[in-house]
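Residue-level structural notes
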Protein chains: 2
Amino acid sequence: THQAYVTLCTNDAYVVGAMLLAHSLRRTGTRRQIVCMITEQVADFQKDRLQDVFDRVFTVEELDSQDPFHLGLLQRPELGVTLTKLHAWKLTHYDNCVFLDADTLVLTNIDELFERNCFAAAPDIGWPDCFNSGVFVFQPSSAKFEDLVRLLASTGSFDGGDQGLLNEYFADWATQGGEARLPFAYNMTANASYGYAPAFERFKADIKVIHFIGARKPWMGMPDP
Amino acid sequence: THQAYVTLCTNDAYVVGAMLLAHSLRRTGTRRQIVCMITEQVADFQKDRLQDVFDRVFTVEELDSQDPFHLGLLQRPELGVTLTKLHAWKLTHYDNCVFLDADTLVLTNIDELFERNCFAAAPDIGWPDCFNSGVFVFQPSSAKFEDLVRLLASTGSFDGGDQGLLNEYFADWATQGGEARLPFAYNMTANASYGYAPAFERFKADIKVIHFIGARKPWMGMPDP
Ligand SMILES: O=c1ccn([C@@H]2O[C@H](COP(=O)(O)OP(=O)(O)O)[C@@H](O)[C@H]2O)c(=O)[nH]1
Ligand SMILES: O=c1ccn([C@@H]2O[C@H](COP(=O)(O)OP(=O)(O)O)[C@@H](O)[C@H]2O)c(=O)[nH]1
Ligand SMILES: [Mn+2]
Ligand SMILES: [Mn+2]
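Residues numbered from 1 in each chain as written. Chains lettered and ligands numbered in written order. Predicted model: local features only at pLDDT ≥ 70, side-chain atom pairs only at ≥ 80, totals over all residues. Heavy atoms only, no water.

Chain A goes by glycogenin glucosyltransferase in an unreviewed UniProt entry, where it is assigned to Monosiga brevicollis. The heading Sequence similarities (unreviewed entry) in the UniProt record of chain A holds the text "Belongs to the glycosyltransferase 8 family. Glycogenin subfamily." Regarding chain A, the UniProt comment filed under Function (unreviewed entry) reads as follows: "Self-glucosylating initiator of glycogen synthesis. It catalyzes the formation of a short alpha (1,4)-glucosyl chain covalently attached via a glucose 1-O-tyrosyl linkage to internal tyrosine residues and these chains act as primers for the elongation reaction catalyzed by glycogen synthase." (UniProt positions renumbered as here; feature names shortened; annotations may be inferred.)

All right, on to the site of ligand 2 then. Residue and element names in this part refer to chain B. The full set close to ligand 2 counts 16 residues, and Leu8, Thr10, Tyr14, Asp103 and Gly214 are the nearest of them. Taking Leu8, its main chain carries an N or O atom lying 2.7 Å from an oxygen atom of ligand 2. Within the side chain of Asn11, an N or O atom sits 2.9 Å from an oxygen atom of ligand 2. Its free accessible area being 510 Å², ligand 2 has 91% of it covered by the protein chains. Along the lines of polarity and charge, the residues of the shell around ligand 2 split into seven nonpolar, five polar and four charged. (Near = heavy atom within 4 Å. Polar contact = N/O pair within 3.5 Å; in protein donor to acceptor, adjacent residues only side chain to side chain. Areas by Shrake-Rupley, 256 points an atom, 1.4 Å probe, with all protein chains shown as cover. Nonpolar A, V, L, I, M, F, W, Y, C, P; charged D, E, K, R; others polar.)

Next up on the list: the layout of surface pockets. Reported here for the second largest pocket is a volume of approximately 340 Å³. Elements supplying a minimum of two residues to the lining of the second largest pocket: helix H8 (197-203) of chain A together with helix H5 (162-169) and helix H6 (173-176) of chain B. It is H6 of chain B that contributes the most residues to the lining of the second largest pocket, three residues altogether. (1 Å grid on protein atoms, 1.4 Å probe; cavity = no way out; pocket = protein on both sides within 12 Å on 5 of 7 lines; lining within 4 Å. Points joined across faces, edges and corners; volume = space filled by probe spheres on them. Helix = DSSP H or I, 4+ residues; strand = E, 2+ residues; numbered from the N terminus.)

Before going further, it helps to spend a moment on the confidence of the model for chain A. The predicted model of chain A has a mean per-residue pLDDT of 92, with 96% of residues at 70 or higher. Scoring of the predicted complex yields 0.93 for pTM and 0.91 for ipTM. (pLDDT = per-residue confidence, 0-100.)

At an RMSD of 0.0 Å, chain B and chain A line up after a rotation of 180° and a shift of 0.0 Å along the axis. The superposition of one copy onto the other is thereby described by a two-fold rotation axis. Looking at chain B, 100% of its interface residues are interface residues in chain A too, so the copies touch through the same face. (Least-squares fit on C-alpha atoms with pLDDT ≥ 70 in both. Contact = heavy atoms within 4.5 Å.)

Given below as structure tokens:
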């Protein structure tokens, strides 16, 4: 099959997250390829660990928005490197892929996502007419990659990271509906459980993917006291 | 025309909010009726003030979920009375209505909402596959009112208020798309401006309705020190 789950790990800090994601995918019994993009910043021994759990590990070039103004609004200066995610569109030996952030965990088989043949994503809880770019279905295409890089150079990303750029590019997502809209259950950002607790209680049994957004990730241990 | 903007004010605490809403609607130059539902709890002199700015003021019976468990999850025990909102479906001398919470402010003419001929609402930032019930387009119908009250008696509201019940009733809203989905610009919950600040900066010029969700409303003055 020419279908794959794809994640990204630009540095050692995200290696454990990526490995946990890969393990969680294996547990669902999927037969799709599970692949990881890394950059040269990832240490060799970490790359070996990734190769143990991923079917393939690709090295890509780091992309960076170098956009302190917008990243400042987001209060996450480190997120410029998430633009490296765009390289996923160059994995053209696959027809259809599901991208998952390295800070996601898959709870149940989600292979049905490969039935969608368009870009598809779930709403962001910060501004729900934007999608969250931590989980999305996409079709690799060198032409699309070039378009995205051109848009980055001309307009830039409104949040300095990949999410702002992708929402600019797929600007009709909010009104489009249908196949393009993934249920929130495929990208349940963990903080939603206290944002509207009764809805969490009502719908928690349906959750398929948990996404640990925010600067501190569960595998990074406790914050400094 | 048989079309109206409708709001609700069950007690004196929401009178100022309702009046501000009515004034904000007048400023947009709308020629639709602007009407307010109240309960017997509203003092007579407050009712007089409302009658000065609304085209009509209707007295309805208070509905209450009396559901401490779910309202406890929401940490808003006072929201049971928001079920009184259901009475809007009984305003059958109107064909098509736009309901607006008393804590909303309209910034620009939104009469285009009356072109929708189905139930329509915008996503909730707490759980974005639910809609927020502070702004919605609806078609009054005694049969629908009865259905809603029956659902309240059988299943109940998962959050103890109107939003949980309405999301249970219009359960296919999230996947339906099209006409049923209002852009977030029609119900911009004010706290979204810090939830995802770059998106607020990018899209703030499009905002049509601001919704001041939460226990403390702007007209209630400063919180106790
Ligand atoms: O230094 C970084 C920051 C991010 N990422 C990748 O980019 C994704 C998006 O960043 P993050 O999940 O931290 O953003 P959030 O979801 O918190 O907005 C991560 O999950 C990783 O896959 C990475 O590899 N190195
Ligand atoms: O004591 C109350 C509580 C609520 N409401 C009405 O119900 C709506 C929904 O409640 P609220 O706006 O406080 O809920 P939130 O939007 O903060 O969830 C209000 O805007 C009012 O129209 C009311 O009249 N009296
Ligand atoms: Mn993430
Ligand atoms: Mn409200």
